Amino acid sequence: ETIEITIESVDKGSEITLQKKTVTIFNDENVPTVTLSTNPANISETGGASIVTAALSTASGKEVVVNLKKGGTATDISDYSFSKMQITIPAGQITGSVTLSATHATLDEDDEIVTVDIDTVVNGDKAPTSQEKPVKILDNDEPPSVTLSIVGSSSLGEPTGTTQVKAALNVV
């Protein structure tokens, strides 16, 4: 920041020439560090959501932008979505949030993990410890059942008799 100082008026004297000086003010405030949290850490595949919050170590006089990155075993869009991949914390505030929402899949699958981490920070620093947070998407679909049936004769002759067995799943 800079300020300019000028003489507006002089009592009992005169200004020889226009006096104008510029002074630079150096910002010696510490840059805030950013940490992440998720709540809750486990969400249902059906309508589940987790709030991802970025928190500053101290309020800043500047807007802080936290760019996120994602990973894990879950697949983006088919298993989950983020409301945004960037958290903006206005000047003077200490937190900002986005929402991670599960997407319902109709196929049975294992529980899956979405990880969210800080990619970059504008006007702040990532906390020195790992900020990668896992959110588990809990599958709610029942596993398929298998029905076996014999196609053709259920009596076989020795030693070369053959038959067919059909396996059917109740869901695909």
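Residues numbered from 1 in each chain as written. Predicted model: local features only at pLDDT ≥ 70, side-chain atom pairs only at ≥ 80, totals over all residues. Heavy atoms only, no water.

**Examining the overall build of the protein**
- Each helix and strand counted, the protein has zero helices and 14 strands in total.
- When the helices and strands of the protein are listed from N to C terminus, the series reads β-β-β-β-β-β-β-β-β-β-β-β-β-β.
- A compact globule built from 172 residues should have a C-alpha radius of gyration of about 16 Å, whereas the protein, at 32 Å, is more than 25% larger.
- In terms of principal-axis extent, the alpha carbons of the protein reach across some 130 × 25 × 25 Å.
- Relative to its 172 residues, the protein shows a buried fraction of 25%.
- Expressed as a percentage of contacts within the protein between residues at least 6 apart in sequence, the contacts between residues at least 24 apart total 59%. (Helix = DSSP H or I, 4+ residues; strand = E, 2+ residues; numbered from the N terminus. Rg over C-alpha atoms; globule rule 2.2 N^0.38 Å. Buried < 20%, exposed > 50% of the residue type's maximum accessible area, 1.4 Å probe, protein only. Contact = heavy atoms within 4.5 Å.)

**Observations concerning the sheet that holds strand β12 (residues 133-138)**
- The strand order across the open sheet built from five strands is β4-β12-β10-β6-β8, with neighbouring strands paired in mixed fashion. The open sheet has two free edges, formed respectively by β4 (42-44) and β8 (86-89), since each of these has just one partner strand. Mean inter-strand twist for the sheet, computed between neighbouring axes without regard to direction, equals 30 degrees.
- Of the strand pairs in this sheet, β4 and β12 are connected by three bridges, and their pairing is parallel. Across the sheet, Ile-43 pairs through a bridge with Ile-137, a residue of β12. (Pairing = 2+ DSSP bridges. Axes fitted to C-alpha atoms, helices over the stretch in contact; angles between N-to-C directions.)

**Here we look at the pairing of strand β3 (residues 33-39)**
- The alternating pattern of β3 places Val-34, Leu-36 and Thr-38 on a buried face and Thr-33, Thr-35, Ser-37 and Asn-39 on a face that is not buried.
- Of the pairings in the sheet, the one linking β3 to strand β5 (residues 49-56) comprises six bridges and is antiparallel in character. Note that in β5 the partner of Asn-39 across the bridge is Ile-51.

**Points about the sheet that holds strand β9 (residues 95-102)**
- Here five strands make up an open sheet; going across it, the order is β7-β9-β5-β3-β11 and the pairing mixed. The strands lining the two open edges of the sheet, one partner per strand, are β7 (80-82) and β11 (125-126).

**Here we look at the pattern of salt bridges**
- Under the counting rule described, the total for this entry stands at two salt bridges.
- One salt bridge connects Lys-70 with Asp-76, and the closest N-O pair in it is separated by 2.7 Å.
- Accessibility expressed as a relative area gives 32% for Asp-76, which makes it partly exposed.
- Residue Asp-117 is joined to Lys-126 by a salt bridge in which the shortest nitrogen-to-oxygen separation is 3.5 Å.
- Owing to a relative accessible area of 34%, Lys-126 belongs among the partly exposed residues under this scheme. (Salt bridge = Lys/Arg side-chain N within 4 Å of Asp/Glu carboxyl O.)

**Overview of the nonpolar core**
- Core analysis: the largest hydrophobic core is formed by 23 residues, its most contacted members being Val-34, Val-52, Val-66, Phe-82 and Ile-87.
- Listed by contribution, the elements that provide at least two residues to this core are β3, β5, β6 (64-72), β7, β8, β9, β10 (112-122) and β12.
- Ranked by residues supplied to this core, first place goes to β10 with four residues.
- Those residues within four positions of Val-66 in sequence are excluded, and the remaining contacts are Val-34, Ala-54, Met-85, Gln-86, Ile-87, Ile-118 and Thr-120. (Core = buried A, V, L, I, M, F, W, Y, C linked by side-chain atoms within 4.5 Å.)

**Observations regarding a negative patch on the surface**
- A cluster of acidic residues, Asp-108, Asp-110, Asp-111 and Glu-142, forms a negative patch on the protein surface.
- Taking relative accessible area as the criterion, Asp-111 reaches 39% and is therefore assigned partly exposed. (Patch = residues over 30% accessible without salt bridge, like charges linked within 9 Å, V, L, I, M, F, W, Y side chains within 5 Å. Areas by Shrake-Rupley, 256 points an atom, 1.4 Å probe, with all protein chains shown as cover. Lys, Arg positive; Asp, Glu negative; His and termini not counted. Charge placed at Lys NZ, Arg CZ, Asp CG, Glu CD.)

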